[in-house]
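Architecture and fold: a report
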Amino acid sequence: MSLDGSVERRRSEPSSMQQIGNGSNGIVNENGTSMMLYSPSSPQSQSQSQSHQRLRLNPNTDHNPENYEDLQLDYNPSIFTSLERYLPPSMLSVTRQLKVQYMSDILARYLPQGERIRAQKHREYRQKIISNYQPLHKELYTMHPATFFDPSFVEAINKNTEESLRNIISEPSPGVYTFKMLHPDFCEMLLSEVDHFEKWVSETKFRIMRPNTMNKFGAVLDDFGLETMLDKLMDDFVRPISKVFYPEVGGATLDSHHGFVVEYGKDRDNELGFHVDDSEVTLNVCLGKQFSGGELFFRGIRCDKHVNTESQPEESLDYTHEPGQAVLHRGRHRHGARATRSGHRINLLLWCRRYLERIRKGKAHAISRNSLLRTEIS
Ligand SMILES: [Fe+2]
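Throughout this document, residue positions are counted from 1 along each chain, in the order its sequence is written. Given that this is a predicted model, residues contribute local features only at a pLDDT of at least 70 and side-chain atom pairs are listed and counted only at 80 or more, while totals for whole chains, interfaces and linings are drawn from all residues.

Things to note about the overall build of the chain
Elements are defined by DSSP. Helices are runs of H or I of four residues or more, strands are runs of E of two residues or more, and each kind is numbered from the N terminus. When helices and strands are tallied, the chain shows 13 helices and 15 strands. For the chain, contacts bridging at least 24 residues in sequence account for 79% of all contacts bridging at least 6. With C-beta atoms placed from the backbone, a contact is any residue pair whose C-beta atoms sit within 7 Å.

Encoded structure:
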């Protein structure tokens, strides 16, 4: 199992993260872009590092990276796949194991010891859940496109052209995309799995971490074994879309996710205040059940400095959820959810991020500090 979530939740000191870009372990090129330097921790990698201490400044887009999904890694396999494109040429021909070692050392170097301890604790937390929780639907834990998705969605992704995507996607407001995505049977299965997990939590009195500070109900799917499947969801089904529609936030290089469900209704959360997400791109899909209300409202995109400024009429969108229907938007697109007036509503959220890019920009601390938060807007 990989541990993207735990890595992302590592809280690190800004001073440590400064090292990534401009500190003693980084250099700045003529364009002012920072690079990471390699610091070996093993004799094997030490010998390799002597002549190749640096990562490439820009990714080698001609190189086809290896797949790391089958390995037990401390970081999301997608991060290794992304990072491999930055390896110096001589590292591309070494064994996969050596590449993993090399890249793990690079990644670990930028996490202070306190963070590594915290990450280790989170690994143990997940491991405790996974070794004790018995899944209800084992078929949910690996990706099965034919049974998970609406056929029109699978067909558009398989064709993988801008035209095929535009044929199934609507854009009700600039930057907000909606499309039919999840098969009703999949929604049903995930709802019953979450229910089963919540029952297990209640019976065992296991104290779980909720998805973020604004949702008191719901569960982090990555924490009870669904991380690999959700990685696949991001890699193969969200990234092809974000590559086309969100190039300005690096939609083609999303490499990390935080996957969870939120629950609204009686004895659950009621509404969600105006906020932005800690993601580059957010996928939000209603899973059901019967409900009224709960509309999403969008109010345009702003930078940090102007996040509280008024919105223009043309930026306003109110969207009514339908089970199986996905909404895709930038994390920075200001939004909220109206009160769920009756019934019970559960949504699947996938916050997709560019972890590697945040490290390169010295903003990894922003992920680790905010991964459990949504920034509320007054
Ligand atoms: Fe949100």
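Moving on from the model shown.
Points about helix α10 (residues 184-204)
In a regular helix each residue adds 1.5 Å, so 21 residues correspond to 30 Å; α10 covers 30 Å between its end C-alpha atoms and thus fits that length. Using C-beta atoms placed from the backbone, we call a residue buried if 20 or more other C-beta atoms fall within 10 Å of its own, exposed if 12 or fewer do, and partly exposed for counts in between. Residues of α10 that are buried: Phe 186, Cys 187, Leu 190, Glu 193, Val 194 and Phe 197. Projected down its long axis, α10 carries its buried residues within an arc of 130°, all on one side. Those residues of α10 that are exposed and aimed more than 90 degrees away from the buried face are Pro 184, Asp 185, Asp 195, Lys 199, Ser 202 and Glu 203. Count one or two residues on from α10 and you reach Lys 205, which has phi positive near 60°. Given a helix with a known number of residues, its expected span is that number minus one, times 1.5 Å. Think of the arc as the fan of directions from the helix axis to the C-beta atoms.

A word on unusual backbone geometry
The omega torsion of the bond from Gly 288 to Lys 289 falls at 0°, within 30 degrees of zero and hence cis. The backbone phi angle of Lys 205 is positive, close to 60°, even though this residue is not glycine. By secondary structure assignment, the location of Lys 205 is in the loop between α10 and β5 (219-220). Residue classification places Lys 205 among the exposed positions, given that 6 C-beta atoms sit within 10 Å.

Quick word on the environment of Leu 254
Positionally, Leu 254 belongs in the loop between α11 (227-245) and β6 (256-265). For the pair Leu 254 and Ser 279, spaced 25 residues apart in sequence, the C-alpha separation works out to 9.7 Å. Excluding residues within four positions of it along the chain, Leu 254 makes contact with Met 234, Val 238, Arg 239, Ser 242, Glu 280, Val 281, Cys 352, Arg 353 and Arg 354.

Topic: the confidence of the model for the chain
pLDDT is a per-residue confidence score from the predictor, ranging from 0 to 100. In the predicted model, the chain carries a mean pLDDT of 81, and the fraction of residues at 70 or more is 79%. In this model, residues 1-53 is a region of pLDDT below 50 whose contacts with residues beyond four sequence positions or in other chains number 127 contacts. Predicted confidence for residues 365-373 stays below pLDDT 50, and this span has 27 contacts to residues more than four positions away or in other chains.

A look at the nonpolar core
One recurring pattern in soluble globular proteins is that nonpolar side chains are buried together. Counting 53 residues, the largest nonpolar core has Leu 221, Val 238, Val 261, Val 285, Leu 350 and Cys 352 as its most contacted members. Ranked by residues supplied to this core, first place goes to α11 with seven residues. Filtering out sequence-adjacent residues up to four positions away, Val 261 remains in contact with Val 194, Gly 218, Ala 219, Leu 221, Ile 346, Asn 347 and Leu 348. Leu 73, Tyr 75, Ile 79 and Leu 356 belong to the second largest nonpolar core, which has 17 residues in total. Buried Ala, Val, Leu, Ile, Met, Phe, Trp, Tyr and Cys residues form a nonpolar core when they are connected through C-beta atoms within 7 Å.

Looking at the pairing of strand β8 (residues 281-288)
Of all eight residues in β8, eight are buried; the element is thus mostly enclosed. Here, any two strands with at least 2 DSSP bridges between them count as paired. The sheet contact formed by β8 and strand β12 (residues 325-330) spans five bridges and is antiparallel. Its bridge partner being in β12, Val 281 is matched across the sheet by Arg 330. One ladder, built from seven bridges, connects β8 with strand β14 (residues 340-353); its direction is antiparallel. Paired with Thr 282 across the strands is Trp 351, a residue of β14.

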